[in-house]
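# Summary of structural features
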Protein chains: 2
Amino acid sequence: MKQKVTLKQIAKELDVSISTVSKALKDSVEISLDTRQKVKAFAKLYNYKPNNIALSLKNRKTKTIGIIIPEIVHHFFTTVIGGVEKVANEKGYNVIICSSNNSFDKEVINLEMLASGSADGFILSVAKETQQKKDYHHIEETMSQGMPVVLFDRIIDELVCDKVIIDDGKGAQTATNHLLSLGCKKIAILTTVDYISVGKLRTNGYLRALRAYDITAREDYILKIEDIDNCESEISDFLENKDVDAIFAVNELFAVTAAKILDEQGKKIPDDVSIVGFTDGILSKHFIPSLTTISQHGEEMGIRAAKLLIDKLEGEEDVPEEYKTVIIDTSLIQRQSTKK
Amino acid sequence: MKQKVTLKQIAKELDVSISTVSKALKDSVEISLDTRQKVKAFAKLYNYKPNNIALSLKNRKTKTIGIIIPEIVHHFFTTVIGGVEKVANEKGYNVIICSSNNSFDKEVINLEMLASGSADGFILSVAKETQQKKDYHHIEETMSQGMPVVLFDRIIDELVCDKVIIDDGKGAQTATNHLLSLGCKKIAILTTVDYISVGKLRTNGYLRALRAYDITAREDYILKIEDIDNCESEISDFLENKDVDAIFAVNELFAVTAAKILDEQGKKIPDDVSIVGFTDGILSKHFIPSLTTISQHGEEMGIRAAKLLIDKLEGEEDVPEEYKTVIIDTSLIQRQSTKK
DNA sequence: TATCCACACGCAAACGTTTTCGTAAGGTTA
DNA sequence: TAACCTTACGAAAACGTTTGCGTGTGGATA
């Protein structure tokens, strides 16, 4: 088992100094051609690779981006990661991914861990618990130590930093408008509790769309689901004996669950009830009927977030602070769950 | 913007030496109680956190596990990651995730990058291209440098290291047996091309099950799909005018795509055709009808892989090399796509 | 008073790099 | 031959830690 070879070892073998080896490998003119070639040959033979840790310590940067997301087993977030990776790799950055599992504590731990030397900056979507607690000290602290942070999707208005979001309200409005334009009048919404920022925004968009059509929103058409894991029974209770002709669901799971329940009730989609979801994931695409949905363009979000972050990382040190909020366009993908 | 505070700075402020600060923070008896308290108070005030990079360099270990997977936007792999994270976090390890995007080159780059200082060991599932090329020098090299590697799912028989797999053949056999026991006689299989190890193993399991039932396998009941992105048309062609009463698909996507096509052909599931899939993902669970499938227990795989790796990392240095192959049990999850 | 021992702390090396600066040897110029 | 310039290399600092060991101070002991 040959251990990793270091400059020191090469230097010893070749009976030159460490600095000579380092310079030779970098093709410095300070070193004679002869020595350069000898060193390089030796390095190649022993498969020398500079130690990243040492480089990080020396350069005081890691060339690594930290991503912290609420869930790793989640299609939307993974598409965002995909986008980040794309840009990061192009620019020679590595990516560390951690999941907070929607726990505030784990978010804090992960952030502090990565912040103490492992990453130069962060792309993050905050945990549910964090949004609930409204405690952002860990993020503020990270920024105040000079590490840029880009928030995406589940952002925090109070925090001054770069952000990448979709216009959740507008997306929801588009979805609802689509249903209205199809002639639907009794449109229910399946949404989340209010402390989830995106849930609230989407609910508002739904309400706005109704208002624009002079339709009075009805309390009993709004279901704020508490426990996602148990959404089936909540939705089932909600839909029982309810006379709706359309459903707007703020995520995929709610949409397909509703579809399933309607199916069991003997209702036809889209003939009896139309459904529009949010997030263009695998479920929407492959479900029968396939679901009309609002695409969030996750990969694009990742790309933009990564670019913003890298710009900050590679930008001038003392350029006046300037923070951007990028709003990614959503788009309606029309499929089978809404009639033409 | 207060920069990160270091031992040196604290030492300077308090007019003591760096070592005193370090020891004080560690509650060393060498340092007087008085000084200790002073240092700690100051450190807390300035929110001192030891620099991980420096620690890694000093200790020659990073307390980080590298995961390299073929795809990040993939339910099964993310569940594995979930399992790895669970164990890793318990044991104080960090996790770096990279995706090879099924490209050999990217796999090599990622591995070399992480191997040069960023991670102590690896958990990896190889890229399609790597299986095709049969070039494993990068993995061998990593191991020869003393970094343990645990392979999972898409493993490489030739490589001597820890492995975590499911018994793909047995799983496929279970699936096929299930169909046979329901009285199905004309069972088709939708599988991948042979160089994907798990695809081949599953195909073999299918064949074995048929043989045990004294049913001769028919070439025209076997579809080896080349291009996953284009599976719909391949499956559609395959299924046209084909008189089958059951389908075993080696993954979720093939299963639902087949279901969709059958639906369009006016065939009822499970009455006309039964379907069994592989991988218990979101699609299988939420599809209508929900799919009977073989669960791979991804999280469990992750947990076992992480444990194996950490055991190696924390084990004695010169204990005789010993490698384990853990086989995770698969299980049949019976749902609506196969009749009772 | 000379010796010894705790006590409390500092020095320095080490981890693997990069880079600035210094310098010896040899050659060129005046 | 003295002054100078190249060429080719080495020494050392720096990044932030940890830790073994050395050491000055003061008090206790003989």
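Residues numbered from 1 in each chain as written. Chains lettered and ligands numbered in written order. Predicted model: local features only at pLDDT ≥ 70, side-chain atom pairs only at ≥ 80, totals over all residues. Heavy atoms only, no water.

All names here are of chain B. For helix H9 (residues 168–181), spanning 14 residues, the distance from its first C-alpha to its last is 20 Å, which sits close to the expected 20 Å at 1.5 Å a residue. Among the residues of H9, Asp168, Gly169, Gly171, Ala172, Ala175, Thr176, His178, Leu179 and Leu180 are the ones counted as buried. Phi turns positive, to about 100 degrees, at Gly183, one or two residues after H9. (Helix = DSSP H or I, 4+ residues; strand = E, 2+ residues; numbered from the N terminus. Expected span 1.5 Å × (residues − 1). Buried < 20%, exposed > 50% of the residue type's maximum accessible area, 1.4 Å probe, protein only.)

The next point concerns the protein's contact with DNA strand C. Taken together, 28 residues form the shell around DNA strand C, and within it A:Lys58, B:Thr20, B:Lys23, B:Glu30 and B:Thr35 come nearest. When atoms of DNA strand C within 4 Å of the protein are sorted by moiety, sugar and phosphate together comprise 60%. Within the contact set of DNA strand C, a phosphate oxygen lies 2.9 Å away from a side-chain nitrogen or oxygen of A:Ser22. The contact in question runs from a phosphate oxygen of DNA strand C to an N or O atom on the backbone of B:Ser17, over 2.9 Å. (Near = heavy atom within 4 Å. Polar contact = N/O pair within 3.5 Å; in protein donor to acceptor, adjacent residues only side chain to side chain.)

Residue and element names in this part refer to chain A. What the domain assignment reports for chain A is domain 1 (7–50), domain 2 (62–166 + 298–329) and domain 3 (168–296). Averaged C-alpha coordinates put domain 2 and domain 3 at centres separated by 29 Å. Taken together, the contacts link 13 residues of domain 2 with 15 residues of domain 3. Taken together, the two surfaces of domain 2 and domain 3 that pack against each other cover about 1100 Å², and 54% of this comes from carbon and sulfur. Its largest share of buried area at the contact with domain 3, domain 2 owes to His75, Lys128 and Ile166, together 45% of the area lost on that side. Between the two partners, domain 2 and domain 3, sit 0 salt bridges. (Domains from an automatic or database assignment. Contact = heavy atoms within 4.5 Å. Buried area = accessible area lost by both parts, 1.4 Å probe. Salt bridge = Lys/Arg side-chain N within 4 Å of Asp/Glu carboxyl O.)

Right, let's get into the interface of chain B and chain A. Many analyses report the size of an interface as the accessible area lost when the parts associate. Between chain B and chain A, the contact holds 54 residues from the first and 54 residues from the second. Taking both sides of the interface into account, the surface hidden between chain B and chain A amounts to around 4700 Å²; carbon and sulfur atoms contribute 58%. Where chain B packs against chain A, one counts 4 salt bridges. A salt bridge links B:Glu85 to A:Lys106; its shortest N-O distance comes to 3.9 Å. Across the chain B-chain A interface, the total number found is 10 residue pairs in polar contact (both at pLDDT 80 or more).

Residue and element names in this part refer to chain A. By the alternation rule, side chains of strand S3 (residues 121–124) split into Gly121 and Ile123 and Phe122 and Leu124, which are all buried. Looking at chain direction, S3 and strand S4 (residues 149–152) are connected through 3 bridges and run parallel. Paired with Ile123 across the two strands is Val150, which belongs to S4. (Pairing = 2+ DSSP bridges.)

A few words now on the pattern of salt bridges. Residue and element names in this part refer to chain B. For the coordinates displayed, the defined rule picks out 26 salt bridges over all chains. In this structure, Lys86 engages Glu299 in a salt bridge whose closest nitrogen and oxygen atoms are separated by 2.7 Å. Taken as a pair, Lys86 in helix H5 (residues 75–90) and Glu299 in helix H14 (residues 298–314) lie far apart in primary sequence, 213 residues in all. With relative accessibility at 47%, the residue Lys86 sits in the partly exposed group.

It is worth spelling out the relation of the copies chain B and chain A at this point. Each of the two chain copies goes to the other by way of a rotation about an axis and a shift along it. Expressed as a screw operation, the relation of chain B to chain A combines 0.0 Å of axial shift with a rotation of 180 degrees, fitting to an RMSD of 0.0 Å. In the structure described here, the two chain copies are related by an operation that fits a two-fold rotation axis. Taking C-alpha positions as the reference, the residue of chain B nearest the rotation axis is B:Ile96, at 2.4 Å. In this assembly the copies share their binding face: 100% of the residues contributing to the interface of chain B also contribute to that of chain A. (Least-squares fit on C-alpha atoms with pLDDT ≥ 70 in both.)

As a further point, take the protein's contact with DNA strand D. Lining the immediate surroundings of DNA strand D are 28 residues, of which A:Thr20, A:Lys23, A:Glu30, B:Lys8 and B:Lys58 lie closest. Sugar and phosphate atoms form 60% of the subset of DNA strand D atoms that lie within 4 Å of the protein. Measuring from a phosphate oxygen of DNA strand D, one finds a backbone N or O atom of A:Ser17 at 2.8 Å. If you list the elements that add at least two residues to the surface near DNA strand D, you get helix H2 (18–25) and helix H4 (52–59) of chain A together with helix H1 (7–14), helix H2 (18–25) and helix H4 (52–59) of chain B. Residue composition of the surface near DNA strand D, by class: 9 nonpolar, 9 polar and 10 charged. (Nonpolar A, V, L, I, M, F, W, Y, C, P; charged D, E, K, R; others polar.)

All right, on to the pairing of strand S10 (residues 292–295) of chain B then. Residues and elements named next belong to chain B. The side-chain alternation of S10 yields two buried faces, one formed by Thr292 and Ile294 and the other by Thr293 and Ser295. Pairing of strand S9 (residues 274–278) with S10, which is carried by 3 bridges, proceeds in the parallel orientation. Within S10, the residue paired with Val276 across the bridge is Thr292. Sheet analysis places S10 next to strand S12 (residues 331–333), joined by 3 bridges and oriented antiparallel. Across the sheet, Ser295 pairs through a bridge with Ser331, a residue of S12.

Our focus in this paragraph is the sheet that holds strand S2 (residues 94–99) of chain A. Residues and elements named next belong to chain A. The strand order S2-S1-S3-S4-S5-S11 describes an open sheet built from 6 strands, whose pairing is parallel. Edge positions in the open sheet fall to S2 and strand S11 (325–328), since each of these has one partner strand only. Each strand of the sheet is rotated relative to its neighbour by a mean of 15 degrees, with strand direction disregarded. With 4 bridges joining them, strand S1 (residues 64–69) and S3 adopt parallel strand pairing. Opposite Ile67, over in S3, you have Ile123 as the bridge partner. (Axes fitted to C-alpha atoms, helices over the stretch in contact; angles between N-to-C directions.)

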